[in-house]
Amino acid sequence: MSFGGVRMSVETETPAVTAKEKPKPRPRRKLTLVQRLKRDKVMILLAAPGLLYFLVFHYLPMLGNIVAFQDYQPYLGFLDSDWIGLENFTDAFADPRFWSAVTNTLVIALVQLVFFFPAPIALALLLNSVLSSKIRRFVQSVVYLPHFIGWVIIVSIFQQLLGAAGLLPNVLDAIGLPRYDMMTDPDAFPWLVTLQLVWKDMGWGTIIFLAALLSIDPQLYEAAAVDGASRWRRLWHVTLPGITPIIILLLILNLGNILSVGFEQLILQRDNVGAAAGEVLDTYVYFNGIQNGEWGPSAAIGIVKAIFGTALILGANKLAHFFGHEGIYRGADK
Amino acid sequence: MKGSTVALTSKRPAWMERPTWYGLSLKGLALGFIVLAVLYPFVSVVATSLSTDREIVANGGLVIWPTDPTLDAYRVIFAGGDVTRALVNSLFVASIGTVASVCATVMMAYGLSRRGVTGGRFILMIALFSMLFGAGIIPNFLLVKELGLYNTFAALILPGLISAFNFIVLRSFFMGLPSELLDSAKVDGAGDLRILLRIVLPLSKAPIAVVSLFYAVGYWNAFFNALLYLDDTEKWTLPLILRLYVLQGQPMAQGEAFAGDVPPPQLAIQMAVVVVALVPILLVYPFLQRFFTKGVLSGAIKG
């Protein structure tokens, strides 16, 4: 796989080596660091802006988390703000709105896990069972589309469909039922955001499962059919085991994200249902921190959230290993 | 039904049992419902934006097929007000951002595509680890402020300049290019930069196109960064304007266009703004979807 350019060109100067011959152990000429830098300078220079970007916009902000331990005042800056130890953390935990946000986040995440997560799997199985590639392609190109629509547009569309003067209340009205506005019903909020997520990403989510389904050896199906397995038994014994690793991988990744349910989607709709039902951790951090200037406590919550997320990923991965699956690392080192 | 039965079963392997009619119709119904549920809102938004007041009232909201289509709503939003300005801003950010992102991503992906580059492993790890944890909203916001990017278009571009996912897609594509080709160019005396420009780029048109479109759509839709970093309404992009007029229901000034005339209904204007935000995506989507249905990205996603 390696394009060891220079090394290759040095070797090809000895033309005696033919393709059939076993490659001899390379006479590795050790290059000094300066020589190697000289050899690679173009490649390093090309990668340098990217490195700079990741350092500045992904690693440097981590230092900014020190405001979680400060009474941060923007006019004083990082260096002159007072250090107050863990006070921000205790303040944040003492705020009932924080716990309400945690509860809302977990409820929404749970509803999405149960009702959104399986949806792409089901659609992928359905698409996979369609033999005509024309129909399959058509449905695929339709259902991938909403993924590329921004949340502002999606919420606008749902407002027209389900909102007070929208389609659903009018239909209910027409068949003699009371008008119902789902967009402003606090009790329905977790269901509403899950429904929107299904509309947006159910199709897109199938891509990874369809790829996994395609990689199942067709001979397995044939052998199972010859042995008398019905279509449902083939689904159970061939198809599902074939996509289990990818399902587990995505479940683990999902668990890691359980504390960050879609920020854009929720911030757009929080005020429709009120903070009591619509506030999640991310919107709480935004309103409390950036709008109200509570920098310290909000950054503290951000840190707690990141630690929990990482712990959940590692824990879920351990669990997957425990049950004999490869979990996340397979995806990482390939 | 007969036609679709034939089509649905066209390439059935010999060992597979004949599909039952109820199975086929259930599948057809399910797929038909899903396709309709995805397409209906689009059709209805476009139709409503073209409708007159009378029609919207008659339909009690969204219209499916305007009998008397009118472009009045578009005339209002293109009269040079907020929407026009936001459209220009959005186009500007999306085009500059896409060019910057694609250049940075291609350079980085190529720079790290060869094994054994001094420091390459380290840079790669830096990039990949950033996917595992984010710094959080507050530190990112403070960073943008400290860098003096607050209330500039750069704040919409720089914080998301390189997506680790797009970087991985391009890097794995570059690594999959036949090494003989690159080596022979090297033997012929081409430098690394020349190889990138003359050999790698021409061979990578498809993945670079996909990545560009991903970036463009991302910039076009970006709401979070715009909300965080743009204070000045003059600089607002389309998603912010959309939220103001459609979600928060702020009535739009009619301007001079309809003095004395019957102004178009607010709902039609709102839907026209939605359509303006949708059109660029619908225009690029046909180019995008070819790649997904053919599974160009599936290799990258798996690895």
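Residues numbered from 1 in each chain as written. Chains lettered and ligands numbered in written order. Predicted model: local features only at pLDDT ≥ 70, side-chain atom pairs only at ≥ 80, totals over all residues. Heavy atoms only, no water.

**Thoughts on the overall build of chain A**
Step number 1: The helix and strand tally for chain A stands at 17 helices and 2 strands.
Step number 2: Every one of the 334 residues in chain A was classed for burial, and the buried ones make up 48%.
Step number 3: Long-range contacts, defined as pairs at least 24 residues apart, comprise 62% of the intrachain contacts of chain A with a sequence gap of at least 6.
Step number 4: Surface exposure of chain A reaches about 17,600 Å², of which carbon and sulfur atoms provide 66%. (Helix = DSSP H or I, 4+ residues; strand = E, 2+ residues; numbered from the N terminus. Buried < 20%, exposed > 50% of the residue type's maximum accessible area, 1.4 Å probe, protein only. Contact = heavy atoms within 4.5 Å. Areas by Shrake-Rupley, 256 points an atom, 1.4 Å probe, with all protein chains shown as cover.)

**Topic: the overall build of chain B**
Step number 1: Within chain B, the secondary structure is distributed over 16 helices and 0 strands.
Step number 2: In chain B, which comprises 303 residues, the share counted as buried stands at 50%.
Step number 3: Carbon and sulfur atoms make up 66% of the accessible area of chain B, which amounts to about 14,000 Å² in all.

**What to know about the interface of chain B and chain A**
Step number 1: The interface of chain B with chain A comprises 105 residues on the first partner and 97 residues on the second.
Step number 2: Both faces considered, chain B and chain A share a buried interface measuring about 9,000 Å² in area, 76% of it formed by carbon and sulfur atoms.
Step number 3: Its largest share of buried area at the contact with chain A, chain B owes to W15, T118 and I138 of chain B, together 8% of the area lost on that side.
Step number 4: For the interface between chain B and chain A, the tally reads 1 salt bridge.
Step number 5: The residue E17 of chain B makes a salt bridge to R234 of chain A at a minimum N-O spacing of 3.1 Å.
Step number 6: If you look at where chain B meets chain A, you find 16 residue pairs in polar contact (both at pLDDT 80 or more). (Buried area = accessible area lost by both parts, 1.4 Å probe. Salt bridge = Lys/Arg side-chain N within 4 Å of Asp/Glu carboxyl O. Polar contact = N/O pair within 3.5 Å; in protein donor to acceptor, adjacent residues only side chain to side chain.)

**Structural notes on the side chain of D282 of chain A**
Step number 1: Tracing the backbone shows D282 of chain A in helix α15 (residues 281-291).
Step number 2: For D282 of chain A, a relative accessible area of 10% translates into the label buried.
Step number 3: With near-sequence residues (within four places) excluded, D282 of chain A lies in contact with S260, V261, F263 and K305 of chain A together with I137 of chain B.

**Topic: the confidence of the model for chain B**
All names here are of chain B.
Step number 1: In the predicted model, chain B carries a mean pLDDT of 84, and 88% of its residues have values of at least 70.
Step number 2: Under a pLDDT of 50 for its full length, residues 1-9 has, in the predicted model, 12 contacts with residues more than four places off or in other chains.
Step number 3: The low-confidence segment residues 298-303, where pLDDT is below 50, has 9 contacts with residues more than four positions distant or belonging to other chains. (pLDDT = per-residue confidence, 0-100.)

**Some points on the nonpolar core**
It is characteristic of soluble globular proteins that their nonpolar side chains tend to be buried jointly.
Step number 1: Core analysis: the largest hydrophobic core is formed by 187 residues, its most contacted members being F148 of chain A together with I77, I162, V274 and F292 of chain B.
Step number 2: In terms of residues, this core owes the most to one element, helix α15 (residues 266-293) of chain B, which gives 16 residues.
Step number 3: Excluding anything up to four places from it in sequence, F148 of chain A contacts W204 of chain A together with F214, V217, N221, I281, Y285, L288 and F292 of chain B.
Step number 4: Core analysis: the next-biggest nonpolar cluster, separate from the first, contains 5 residues, I252, I313, A316 and A320 of chain A among them. (Core = buried A, V, L, I, M, F, W, Y, C linked by side-chain atoms within 4.5 Å.)

**What about helix α5 (residues 96-115) of chain A?**
Residue and element names in this part refer to chain A.
Step number 1: In this model α5 runs 29 Å from its N-terminal to its C-terminal C-alpha over 20 residues, within 8% of the 28 Å that 1.5 Å per residue would give.
Step number 2: When α5 is considered as a whole, its buried residues turn out to be F98, A101, V102, N104, T105, I108, A109, V111 and Q112.
Step number 3: Against the buried residues of α5 lie α4 (87-93), α10 (189-214), α13 (263-273), α14 (275-278), α15 and α16 (295-322).
Step number 4: The backbone nitrogen of R97 lies 2.9 Å from a side-chain oxygen of the residue at the head of α5, namely D95. (Expected span 1.5 Å × (residues − 1).)

**Some thoughts on the packing of aromatic side chains**
Step number 1: This model, assessed by the stated rule, comprises 27 aromatic pairs over all chains.
Step number 2: Ring centres of F148 of chain A and F214 of chain B lie 6.1 Å apart, and the angle between their planes is 35°; this geometry places the pair in the tilted category. Of this pair, F148 of chain A sits in the loop between α7 (133-143) and α8 (151-162) while F214 of chain B sits in helix α12 (residues 205-221), which puts the two residues in different chains.
Step number 3: Looking at F148 of chain A, the relative accessible area reads 3%, which means it is buried.
Step number 4: Residues Y286 of chain A and F287 of chain A carry aromatic rings whose centres are separated by 5.1 Å and whose planes lie at 75° to one another, so their mutual orientation is edge-to-face. For the pair formed by Y286 of chain A and F287 of chain A, the shared burial category is buried.
Step number 5: Taken together, the ring pairs connect Y72, F78 and W295 of chain A together with F141, Y150 and Y229 of chain B into an aromatic cluster.
Step number 6: Its guanidinium or amino end placed over the ring of F287 of chain A, R270 of chain A lies 3.7 Å from that ring's centre, counting from NZ or CZ.
Step number 7: For K145 of chain B, the ring lying beneath its charged end belongs to Y150 of chain B, and the centroid distance is 4.6 Å. (Phe/Tyr/Trp six-rings, centres within 6.5 Å; stacked < 30°, edge-to-face > 60°. Lys NZ or Arg CZ within 6 Å of the ring centre and 35° of its normal.)

**Thoughts on the environment of V217 of chain B**
Step number 1: Note that V217 of chain B resides in helix α12.
Step number 2: The spatial distance from the C-alpha of V217 of chain B to the C-alpha of I281 of chain B is 6.6 Å, given a sequence separation of 64 residues.
Step number 3: The contacts of V217 of chain B, once residues within four sequence positions are left out, are F148 of chain A together with V284 and L288 of chain B.

**Some points on helix α11 (residues 192-203) of chain B**
Step number 1: Its 12 residues give α11 of chain B an end-to-end C-alpha distance of 15 Å, which sits within 8% of 16 Å, the value for a rise of 1.5 Å per residue.
Step number 2: Looking only at α11 of chain B, the buried set comprises D192, I195, L196, I199 and V200 of chain B. End-on, the buried residues of α11 of chain B take up no more than an arc of 130°, which puts them together on one face.
Step number 3: Packed against the buried residues of α11 of chain B are α2 (33-64) of chain A together with α5 (82-111), α9 (164-176) and α10 (179-187) of chain B. (Arc of directions from axis to C-beta.)

**Some remarks on the pattern of salt bridges**
Two side chains that carry opposite charge are able to pair once their charged atoms sit near each other.
Residues and elements named next belong to chain B.
Step number 1: Inspection of the entire model under this criterion finds 12 salt bridges over all chains.
Step number 2: Its salt-bridge partner being R85, residue E234 comes within 3.5 Å of it at the nearest N-O pair. A residue pair is termed long-range when its members are at least 10 positions apart, and E234 in the loop between α13 (224-229) and α14 (238-247) and R85 in helix α5 qualify at 149 residues.
Step number 3: Two residues, D192 and K186, come together in a salt bridge whose shortest N-O distance is 2.7 Å.
Step number 4: Classification of D192 by relative accessible area gives buried; the value is 4%.

**So, the packing of helix α6 (residues 118-129) of chain A against helix α2 (residues 21-49) of chain B**
Step number 1: In the contact formed by α6 of chain A and α2 of chain B, the axes pass within 11 Å of each other and the chain directions differ by 125°. With respect to their mutual orientation, α6 of chain A and α2 of chain B come out oblique. When you trace α6 of chain A past α2 of chain B, the crossing you get is left-handed. Here L123, L126, L127 and S129 of chain A of α6 of chain A lie close against α2 of chain B, whose contacting residues are K27, A30, L31 and I34 of chain B.
Step number 2: The class makeup of the residues in the contact of α6 of chain A with α2 of chain B is 6 nonpolar, 1 polar and 1 charged. (Axes fitted to C-alpha atoms, helices over the stretch in contact; angles between N-to-C directions. Parallel < 35°, antiparallel > 145°, perpendicular 65-115°, else oblique. Left-handed = near helix turned anticlockwise from the far one by under 90°. Nonpolar A, V, L, I, M, F, W, Y, C, P; charged D, E, K, R; others polar.)

**A closer look at a nonpolar patch on the surface**
Residues and elements named next belong to chain A.
Step number 1: A contiguous nonpolar surface patch, about 430 Å² in accessible area, is contributed by L110, V114, F115 and W191.
Step number 2: It is α5 that contributes the most residues to the nonpolar patch, 3 residues altogether.
Step number 3: Among the structural elements, F115 can be located in helix α5.
Step number 4: Here F115 falls in the partly exposed class, since its relative accessible area comes to 49%. (Patch = residues over 30% accessible without salt bridge, like charges linked within 9 Å, V, L, I, M, F, W, Y side chains within 5 Å.)

**Examining the environment of S212 of chain B**
Residues and elements named next belong to chain B.
Step number 1: Tracing the backbone through its elements, the reader meets S212 in helix α12.
Step number 2: In sequence terms S212 and N166 are 46 residues apart; their C-alpha atoms lie 9.1 Å from each other.
Step number 3: Other than its neighbours up to four places away in sequence, S212 contacts T98 and V102.

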